[in-house]
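Each chain, written out:
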Amino acid sequence: LRIWGEQGQAALEKSSICLLNCGPTGSETLKNLVLGGVGSITVVDGSKVEVGDLGNNFMVDESSVGQSKAKTVCAFLQELNDAVKAKFIEECPEALIETNPSFFSQFTLVVATQLAEDSMIKLDRICREANVMLLFARSYGLAGFVRISVKEHVVIESKPDHFLDDLRLNNPWPELKSFAETIELNAADPVAHKHTPYVVILVKMAEEWAKAHDGNLPSTRDEKKEFKELLKAKMMSMDEDNYKEAVDASFKVFAPRGINAELQQIINDGCAEVDSSSSDFWVMVAALKDFIVHEGAGEAPLEGSIPDMTSSTEIYVNLQKIYQAKAEADFLVIEEKVRNILKKTGKDPHSIPKSVIKSFCKNARKLKVCRYRLVEDEFSNPSLSELQRYLSSPDYSFAAGFYILLRAADRFAANYKVIPGHFEGSLMPSCREIDEDIARLKSTAVALLNDLGCSGSPLNDDLVSEMWRYAASELHTVAAFVGGVASQEVIKLITKQFVPMSGTFIFNGIDHKSQLLSL
């Protein structure tokens, strides 16, 4: 609740999650979601618990050997949170994808773990058509893989770690200017001088500067330095924290006016031209676009909050009221525009709740739109320049190598009907057999690179040997990490808060590196 609030928790509690394959990676992912309080889970796995599972999956025990893995894991997960509705289906996920694609349409999100490339491509198409969010997760020895696949994901509450306060010090509105004019910076009373908030100081000083510089604010390095010196010159004593805060916050005056490039891209998006099929988000974007052009004079609606600062209580409260009043006025204008657009497109004018519009206005500068390529598109036609750059980069070569080798391992298994590094009925293969198997895996990876147009790209021989050595094993430590990353992304997708990762996430357990590949 502290992280994603009541709205986020309500979204989680309404969600329905399907997990394909409940090995260590799937179990760890779902464990985190069950503890987080999702509404319901469905575990799909057709295998039985084997003795080997006891060494890497905490959701099974000795008494469950020989029993349904889906049933056992489901029972263990239910113990963690009995408020979550849990059910299981004893069926091979690959068979379900082939024979019953409509099965997936009932879920909010599908978490597909340990699927081979062919099944990933088919499931991705199914979920896109059904408008169901999809996340792939996989652990393979010391390698991990996570990939989101959603046609479009919009985020209102992106909650960035660092973002410039919306104080409009570089573009104050009339009421803020008028308030600043009522306060004298050169007050003789040292107490009053010490308790003038930095917002007022900067608004007045910026206006004074602009008058002396043809209406322009400081822009060059020398001008910014000079502006800071003017602020320091206003100090009556060295212990005036408000003036120190003004110097530290002076960069907010130097910031460019208007909206940032990312928001400009969103309001220029084709989806902002709305019709009866448009989502609530794009209806609000259309209203925002109109506001920025007309009432906002190039600015987004004001957020309405101010940070803590050195100030007298009376001035701070009055300043707070001015910001809140402006934010409320902007919100009312946007709300009216939203209602009018809904009416024009044949929808119920009150179908978007007031609270949603208010949240949209408050976060208008931080909106995010995430779009993901089909997995099939990425696999068949990745960005060639990026892939070649990753393969030849000292920083990314292992991540790119793991990405290629994970795909090569699937192709190897499809071609030779056996997992690389796995020898049926042989406890100790000969050195010749091992060398031949490794060579087959390498030739498969090289053939894949050639098919992608990366012929001649380097592939680390030690990495090929490592990949062969893993033999598709799931190590619990890697599975737990991958499951943690995957569940975090699921929560972002369901709550529509924070920004989900873009691209393909690769965990390199050899060097303990996590990297995103944009392909």
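Here the residue numbers are simple positions, counted from 1 along each chain's written sequence. Confidence filtering applies because this is a predicted model: local features only for residues at pLDDT of at least 70, side-chain atom pairs given and counted only at 80 or more, and all residues used for totals across whole chains, interfaces and linings. Excluded from the side-chain calculation are hydrogens and water; included are all heavy atoms of the structure.

> An account of a nonpolar patch on the surface is needed here, citing residue identities and associated values.
Residues enter patches when they are more than 30% accessible in relative terms and free of salt bridges; like-charged ones are connected within 9 Å and nonpolar ones (Val, Leu, Ile, Met, Phe, Trp, Tyr) within 5 Å. Note that accessible areas follow from Shrake-Rupley with a 1.4 Å probe, and for residues the cover is restricted to the protein chains shown. Between Lys or Arg on one side and Asp or Glu on the other, a salt bridge is scored when a side-chain nitrogen of the former is within 4 Å of a carboxyl oxygen of the latter. Taken together, the side chains of V51, L54 and V65 make up a nonpolar region of the molecular surface, amounting to roughly 230 Å² of accessible area. Each helix is a run of H or I in the DSSP string that is no shorter than four residues. Each strand is a run of E no shorter than two, and both are numbered from the N terminus. Tracing the backbone shows V51 in the loop between β2 (40-44) and α3 (69-80).

> An account of the sheet that holds strand β1 (residues 16-20) is needed here, citing residue identities and associated values.
If DSSP finds at least two bridges between two strands, the strands pair. Taken in spatial order, the eight strands of this open sheet run β3-β2-β1-β4-β5-β6-β9-β10, and their pairing is mixed. Each end of this open sheet is capped by a strand with a single partner; those strands are β3 (85-89) and β10 (513-517). Neighbour-to-neighbour, the strand axes of the sheet open up by a mean angle of 15°, direction not taken into account. In this sheet, strand β6 (residues 143-149) lies alongside strand β5 (residues 133-140) in antiparallel orientation, the contact comprising seven bridges. Looking at β6, one finds that A137 is bridged to V146. Residue contacts are counted whenever heavy atoms from the two residues lie within 4.5 Å of one another. Only the stretch in contact is used when fitting a helix axis, every axis being a line fitted to C-alpha atoms; angles between N-to-C directions are given from 0 to 180 degrees. Running over the sheet, α3 touches β2 and β3 and is turned about 170° from β3. Packing against the sheet, helix α21 (residues 476-495) makes contact with β1, β4 (109-113), β5, β6, β9 (504-508) and β10, and its axis sits at approximately 170° to β5.

> Any chance you could break down the pattern of salt bridges for me, citing the residues and the numbers?
A complete count under the given rule lists 35 salt bridges for this structure. A salt bridge links R168 to E299; the nearest nitrogen and oxygen atoms lie 3.8 Å apart. One end of the pair, R168, is in the loop between β7 (153-155) and α6 (174-181); the other, E299, is in the loop between α13 (280-293) and α14 (313-344), and 131 residues separate them in sequence. Any residue under 20% of the maximum accessible area for its type is buried, any over 50% is exposed, and the rest in between are partly exposed; the area is computed with a 1.4 Å probe on protein chains only. Owing to a relative accessible area of 8%, E299 belongs among the buried residues under this scheme.

> Give me the lowdown on the pairing of β1, citing residues and values where you can.
Regular strands have side chains that alternate between both faces of the sheet. Taking burial as the measure, the five residues of β1 include five buried ones, the bulk of the element. Here β1 shows two buried faces, one formed by S16, C18 and L20 and the other by I17 and L19. In this sheet, β2 lies alongside β1 in parallel orientation, the contact comprising five bridges. Bridge assignment links S16 to a residue of β2, and that residue is S40. Remark: the β1/helix α2 (residues 24-36)/β2 crossover connection has right-handed handedness. When the strands point away from the viewer and the path from the first strand over the helix to the second turns clockwise, the crossover is right-handed.

> I'd like to hear about helix α5 (residues 117-130), residue by residue, with values.
By definition here, a helix of n residues has an expected span of 1.5 Å times n minus one. For α5, with 14 residues, the first-to-last C-alpha span of 20 Å sits near the 20 Å given by 1.5 Å per residue. All of the buried residues in α5 are E117, S119, M120, I121, L123, D124, I126 and C127. Immediately beyond the C-terminal end of α5, within one or two residues, lies N131, with a positive phi of roughly 60°.

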